[in-house]
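Chains, contacts and geometry: an overview
Spelled out, the chains give:
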Amino acid sequence: MDFITKLLAATIAMGTSLTYATLGEIYTEKSGVLNLGMEGTMLMGALTAFATGFLTGNLWFALAVAMLTGGLLSLIHAFLTITMRANQVVCGLAITMFGTGLANFLGKRLGPASNNFNLVGMNLPDTFGNIAIPGLHSIPIIGAFFDVSVLTYALYLVIPFAWFFMYKTKYGLAIRAVGEAPRTAAAMGIQVSQVRYLYTIIGGMFAGLGGACLSLSFTPSWNDGMTGGKGWIVIALVIFSGWNPGKAVLGTLVFGGITSLQFSLQAAGIKMVIPTQFLAFAPYLITLVTLTIMNIANQTRKGAFASPSALGSSFAIDDK
Amino acid sequence: MRLVLEKRDNKSQSMAIIVPVASFIISLVLGAIVLAVSNANPLAAYKAMVTGAFGNMRRLQYTLVEAMPLLMCGLGVGIAFRLKFWNIGAEGQYVWGAIGITWVMQFWTFIPTPMLLPIGLVVGMLLGAIWAGIPGFLKAQWSVDETLTTLMLNYVAIGLAEYLYISKWKAPLGNMGTPEFLPQTWLPQIWGKVHWGVYIALSLVVLLWFLLYKTRWGFELNMIGKNPRAARCQGVSIKRNIILAMLLSGAICGLSGSMNTAAIAHRLTKGVNANYGFTGIIIAWMANLNPFASILVAIVMAALTTGADALQITLKLPEAMGEVLQGLVLIPLLAGSIFTEYRLRAIHKEAI
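Per chain, the residues get numbers from 1 upward, laid out in the order the sequence is written. Here the convention is simple: chains get letters from A, ligands get numbers from 1, in the order in which they are written. Thresholds applied to this predicted model are a pLDDT of at least 70 for local features of residues and 80 or more for the giving and counting of side-chain atom pairs; totals over whole chains, interfaces and linings are not thresholded and use all residues.

Now for the overall build of chain A. Secondary structure follows DSSP: runs of H or I at least 4 residues long count as helices, runs of E at least 2 residues long count as strands, and numbering of each begins at the N terminus. Helix and strand counts for chain A come out as 11 helices and two strands. For chain A, the N- to C-terminal ordering of α and β elements is α-α-α-α-β-β-α-α-α-α-α-α-α. In terms of C-alpha radius of gyration, chain A reaches 20 Å, essentially the compact-globule figure of 20 Å for 320 residues. The C-alpha extent of chain A, read off along each of the three principal axes, is 60 × 50 × 40 Å. The exposure scheme places C-beta atoms from the backbone and then counts, for each residue, the other C-beta atoms within 10 Å of its own, assigning buried at 20 or more, exposed at 12 or fewer, and partly exposed in between. In chain A, buried positions account for 54% of the 320 residues. Note on contacts: each residue gets a C-beta atom placed from the backbone, and two residues are in contact if those atoms are within 7 Å. Residue pairs in contact within chain A that sit at least 24 positions apart in sequence constitute 76% of those at least 6 positions apart. Every radius of gyration here is taken over C-alpha atoms, with the globule rule written as 2.2 Å times N^0.38, N being the number of residues.

This next bit is on the overall build of chain B. Secondary structure summary: chain B contains 14 helices and four strands in total. Relative to the globule expectation of 20 Å for 352 residues, the C-alpha radius of gyration of chain B, 22 Å, shows essentially globular dimensions. Judged by the C-alpha coordinates and their principal axes, chain B covers about 80 × 60 × 30 Å. For chain B, the residues scored as buried account for 52% of the 352 residues in total. For chain B, contacts bridging at least 24 residues in sequence account for 78% of all contacts bridging at least 6.

Across the boundary between the two partners, chain A contributes 41 residues, which contact 39 residues of chain B. Secondary-structure elements contributing two or more residues to the side of chain A that touches chain B are α3 (59–83), α4 (88–107), α9 (230–240) and α11 (276–300) of chain A. Broken down by element, the residue count for the side of chain A that touches chain B peaks at 13 residues, all from α11 of chain A. Class assignment for the residues of the side of chain A that touches chain B results in 26 nonpolar, 12 polar and three charged. All amino acids are sorted into three groups, where Ala, Val, Leu, Ile, Met, Phe, Trp, Tyr, Cys and Pro are nonpolar, Asp, Glu, Lys and Arg are charged, and the leftover types, Gly among them, are polar.

With that settled, the discussion passes to the pairing of strand β4 (residues 342–347) of chain B. All names here are of chain B. β4 sits mainly on the outside: zero of its six residues count as buried. With six bridges connecting them, strand β1 (residues 2–7) and β4 associate as antiparallel partners. What sits directly across from Arg2, in β4, is Ile347. What makes two strands pair is DSSP finding at least two bridges between them.

The subject of this paragraph is the packing of helix α5 (residues 150–168) of chain A against helix α10 (residues 245–268) of chain A. All names here are of chain A. Across the interface, α5 lies against α10 with an axial gap of 7 Å and an inter-helix angle of 145°. Taking contact as the criterion, the partners of Ile159, Ala162, Trp163 and Met166 in α5 are, on α10, Pro245, Gly246 and Val249. When grouped by side-chain class, the residues that make up the contact of α5 with α10 number six nonpolar, one polar and no charged. Each axis is a line fitted through C-alpha atoms, and for a helix only the stretch in contact is used; angles between axes span 0 to 180 degrees, taken between their N-to-C directions.

Okay, helix α11 (residues 276–286) of chain B next. Since the α-helix turns once every 3.6 residues, residues separated by three or four places project in the same direction. Within α11 of chain B, 11 of the 11 residues are buried, which leaves the element mostly enclosed by the surrounding structure. When we look at burial in α11 of chain B, the residues that qualify are Tyr276, Gly277, Phe278, Thr279, Gly280, Ile281, Ile282, Ile283, Ala284, Trp285 and Met286 of chain B. Next to the buried residues of α11 of chain B lie α4 of chain A together with α3 (57–82), α4 (90–107), α10 (238–265), α12 (291–315) and α13 (321–336) of chain B. Of the residues flanking the end of α11 of chain B, it is Asn288 of chain B, one or two places downstream, whose phi is positive at about 55°.

Take unusual backbone geometry next. Residues and elements named next belong to chain A. Here the phi dihedral of Asn116 falls at roughly 60°; this positive angle occurs in a residue that is not glycine. Tracing the sequence through the fold places Asn116 in the loop between α4 and β1 (130–132). A tally of 10 C-beta atoms within 10 Å means that Asn116 is categorised as exposed. Located in the positive-phi region is Trp243, a residue other than glycine, with phi close to 60°. Structurally, Trp243 can be placed in the loop between α9 and α10.

This brings us to helix α6 (residues 170–180) of chain A. Restricting attention to buried positions, one finds in α6 of chain A the residues Ala174, Ile175, Ala177, Val178 and Gly179 of chain A. Contacts from the buried residues of α6 of chain A go to α1 (2–30), α5, α7 (182–187) and α8 (192–218) of chain A.

The subject of this paragraph is the confidence of the model for chain B. Note that predicted coordinates carrying low pLDDT should not be read in detail. Values of pLDDT, the confidence the predictor places in each residue, fall between 0 and 100. For chain B, mean pLDDT is 89; residues scoring 70 or higher make up 99% of the total. Two summary scores accompany this predicted model of the complex, namely pTM at 0.90 and ipTM at 0.87.

Before going further, it helps to examine the environment of Ile99 of chain B. Residues and elements named next belong to chain B. Counting through the fold element by element, Ile99 comes out in helix α4. Expressed as a C-alpha distance, the spacing of Ile99 and Leu296, which sit 197 residues apart in the sequence, is 29 Å. Discounting chain neighbours no more than four positions away, the residues touching Ile99 are Leu127, Ala161, Leu164 and Leu268.

So this is what it looks like as structure tokens:
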């Protein structure tokens, strides 16, 4: 019982960062823009959050800076893919390359002179620690949900809101219309490019926030490439959740759980039957299989599993 | 008056040259801003990078060695890109190449030693082809999105390789990596550090140029990419060609991996996923899928990496600057690429 509670707590802690970024990417992709720049954007979020927290000591300000940075990086992606109609895959990779490089570069330039300008090895004056809710947190297993950081508590509100916004408001309808049938959406008077710009930027802000969760709360520190591929897991999670913000949390719990399981088992001294590396790539394999099953199901009967139809293609109203 | 983008009747030849050159200059200016903001002298930094990449024979050789796997990955993914098939799985296919040659070197000891190298290269190539064939098949059979499947398979391949060099195939000594290959099975060096891979890479360039521009199959691939409906009307099988193109694409990326392993690391170890596959995608795109242009682009991208190494040594600036510049080169280029197909036109209100 104790083991399961600990595993769940570790899963939630790890899943928080993934969930924010996944929600962001779902919104971006739903509007028809594939942003493969998540890894670079999250890393820049982690870096700017840590650097700001380190220099000012203000965690909330650090969060805001990380979100602003994520938004700016995604603005580049939006400008290139929407206004300049550049290839979304290549743009995303460019953003990841640039973001990863810049974060690792700045990480060695923004630190104190006493540490050779390096941020690695520095500590934050303050971090987002866990806050236990009296009574609730001592319930077996689900108590793990009530002894988390404020960033995770915020998610309990953000997830249902993200679902509600997407499926129950006219704004959500506009996003889905733009991602499924941009031409029809344009005919209905929706500004396709504006909607795509907006949700690409919002997606980036969420990715920045996801990165900040890592460097301010989950492992409060800065290390080169500290996202360690989480940005790619996010791309997988978006598919796994079927582009539904409500299901995103299930995906993060499963994927986060698999990852945490490696560490929890090691910590508990249990000998692993499955090599840890297999657990590390399991999320990708599961996603691949899920994606294939979705496609087979869609061919036999018209399902609701499909990716947004216009995902990855640029749109220009005057194109023939 | 407002500005609109208008589709050109033909791709602009002059823009195809002006845009990359202007982009390169813009990216250098952007990079200079990053350097200046972080308290470094941009001119000194660029000078150190150029010297670091091309300054003497040894550095030049180092840059060429770095360019070879990049060039081959670029050539590999370029084939799939012709059909608008977004193979971003070059990284995984490269890793399978490295796994393949290690498997042969370590376990196929029943074959004569001189045969180990050629057979290892071919096995790596085949494994890369199979790995790329999976998303090709999934796309052809059930139209599963290839961008996502190839991306996911990268991390499966990297994870498997890690498992092999950390535990399953690990050398008895040391904590990471398989045993080193026998020295007589290494890919021979021909000019300092520059190895036999130069011949492999350059002959591939010529071969692919011929295949893609001078044969019926190359013509079919282009047709599918540009106008799938027309291709279908001509009786070209899209499914078959997707799978074939992916097999060839993966074979070349796999060969890149087995070649580079036989030449540099001589074993499967940490760092096998050195981003050659991802950079290869960028190279194919920047070279506009042209095999000859890929040579130049690969050397430029390699020079940014080797130049950044030097930056760290001479000016104590983080080598991550190389990656920053690689990303920065792309951004204006991506923005400018539209001008080869579109032109800006000013429209006056009354004209509408």
